[in-house]
Amino acid sequence: MADNNNVMFVRYKLLKKLVAMWKEDSLLDKIDSMPYKMYPRNQKPKGRCCIHKERAVIKYKTMAMLGFTMQDEHSEMDPLSSYVQRMMQRERVEMQDGAVLHVMDEACSSCVKINYEVSNLCRGCVARPCYTNCPKDAIYYDKNDKAHIDHDKCISCGKCHQVCPYHAIIYMPVPCEEACPVKAISKDEYGVEHIDPEKCIYCGKCLNACPFGAIFDKCEVFDVLKKMREGKKVIAMVAPAVLAQFGKPIAQVYGAMKAIGFSDIVEVAYGAEETTRREAEELKEKIKEGQPFMTTSCCPAYVNLAKKHIPEIVKYVSSTGSPMHYTAIYAKEKFGEDCVTVFIAPCASKKAEGFNDKNVDFVLTFREIDAIMQGMGIDIESTMPYTPEESACVDAHNFAKTTGVFTAVKHQLGDEGLEGVVIADLHKKNIAILKAYAKTGKCPGKIIEVMSCPGGCITGPCACSCGGEATRRFESEIKKK
């Protein structure tokens, strides 16, 4: 689900620049000039109408990197330095309306306004199935007998697209809307996309889908760096998916995190062992009570899906906490209640979960950590290797990939014949399957492992690697455990 595209390269290049300024202690002094330096007068715009638009987009993207949304803007005349000052004074990024994901509307102005269009492949055929099947009489013909669509009448039903024998009518999706599995994104009266927090499950699919980089997740990078500068004991709680991220020995990666300024590191796989123990015991109890099946609860995007869109399945969701939850409790016990816990994750949904967990102070993503390393000039290969004090079994590390949670619970129970269902990727079809299980109370297995991303957490929307590359990296590192 993580995606390598130019939008993400530009986004994290921007964050890298901001971190470099922070390191030099020049963020407040230099930030106002950054949009002008990135797009000087003689530079041609890249995908937008003019450099003035590009500069405006950079301003709002910079605001997002500082942890602000459009709702935080008091005046369009406020310079970026004013947001740096506000960031320095706050304790934590607030979530507007409980939303982790938000749209920077200045960047969301180039999306398609229509879904169907007739291409030059139209042959003006005699059959005219597009015309005869259109329920709104939106198809008309020019003097050359070529079909056209009257978009004032068109309701985007797609009937013409389906029946054209030449496939001349093309479907143009709105990428973020197409990616969202729960229809949480829609346009307002000005054509700008908005995310409905009542529907959003924070799966993050829209983050990589938007071709203009208009969608952002809540960013707490500078809040964490600020705590480090204040001399706080900042503890990195690193998700098992880290094994798939940086293409370097894991001890070197942890060494690089120490070089950033983390006081110590705890692998979240350590907390996954507690999740395994509790979830296995809960499953045993539920089956004994006669419950037909139980679903896992590690993926917060799935938990949000259940609560917001499939209320019938909530009673089947495990009440066991996630590995992050138990790791955070352990970190506070080991390092003291005044330590600052930072969960490092491959996804945006963990930011929502972390915000509501009293033991988790901040959440950063792997992409943000990578940008911090680059901004600080940290070379992973040159750092002093570091190995956390705690160790965890292979099953606990395998929580990061598809089948990992199910396999760990099965091994914990000592029941190799335990039947389970694995659902990886919360797209519309898989959501329909979950709804069917909830409605009928029937499932081909006793446990359903649900993960929002294909392949599991290792391919999360905020991961540094994707697809087969992520799987290969993970399998290579897990063999060393």
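The structure under discussion appears in the preceding block.
Here goes a summary of the coordinates provided. Bear in mind the structure is a predicted one, so any value in this text is a computation, not a measurement.

## A short note on the sheet that holds strand β11 (residues 294-295)
For sheets, the rule is that strands pair by backbone hydrogen bonds, running either parallel or antiparallel. Pairing in this open sheet of 3 strands is parallel, and the strands run β11-β15-β14 from one edge to the other. Sheet topology places β11 and β14 (420-424) at the edges, where each strand pairs with a single neighbour. Both β14 and strand β15 (residues 447-451) contribute to a ladder of 5 bridges, which runs parallel. Looking at the pairing, V421 lines up with I448 of β15.

## Thoughts on the environment of A107
Mapped onto the fold, A107 is located in the loop between β1 (101-103) and β2 (116-118). For A107, a relative accessible area of 2% puts it in the buried group. In the structure, A107 is positioned 54 residues away from K53 in sequence and 8.6 Å away in space, judged by C-alpha atoms. Beyond its immediate sequence surroundings of up to four residues, A107 is in contact with R48, V57, F212 and A214.

## Some remarks on the pairing of strand β9 (residues 234-238)
Taken residue by residue, a regular strand's side chains alternate between the two faces of the sheet. Taken across its 5 residues, β9 has 5 buried, putting it largely inside the fold. With burial as the criterion, each face of β9 is covered, one bearing V234, A236 and V238 and the other bearing I235 and M237. Strand direction decides the pairing type here: β9 and strand β12 (residues 340-345), joined by 5 bridges, are parallel. Along β12, the bridge assignment pairs M237 with F343. Across 4 bridges, β9 lies against strand β10 (residues 264-267) in parallel orientation. Among the inter-strand pairings, V238 is bridged to a residue of β10, identified as E267.

## Details of the environment of R11
If you trace the backbone, R11 turns up in helix α1 (residues 6-23). Leave out the neighbours within four places in its chain, and R11 touches M65, L207, G213, A214, I215 and F216. From its side chain, R11 meets the backbone oxygen of G213 in a polar contact 3.2 Å long.

Cut-off values and rules
Residues numbered from 1 in each chain as written. Predicted model: local features only at pLDDT ≥ 70, side-chain atom pairs only at ≥ 80, totals over all residues. Heavy atoms only, no water. Pairing = 2+ DSSP bridges. Helix = DSSP H or I, 4+ residues; strand = E, 2+ residues; numbered from the N terminus. Buried < 20%, exposed > 50% of the residue type's maximum accessible area, 1.4 Å probe, protein only. Contact = heavy atoms within 4.5 Å. Polar contact = N/O pair within 3.5 Å; in protein donor to acceptor, adjacent residues only side chain to side chain.

Keep in mind that these numbers describe shape and distance, not what the molecule does.
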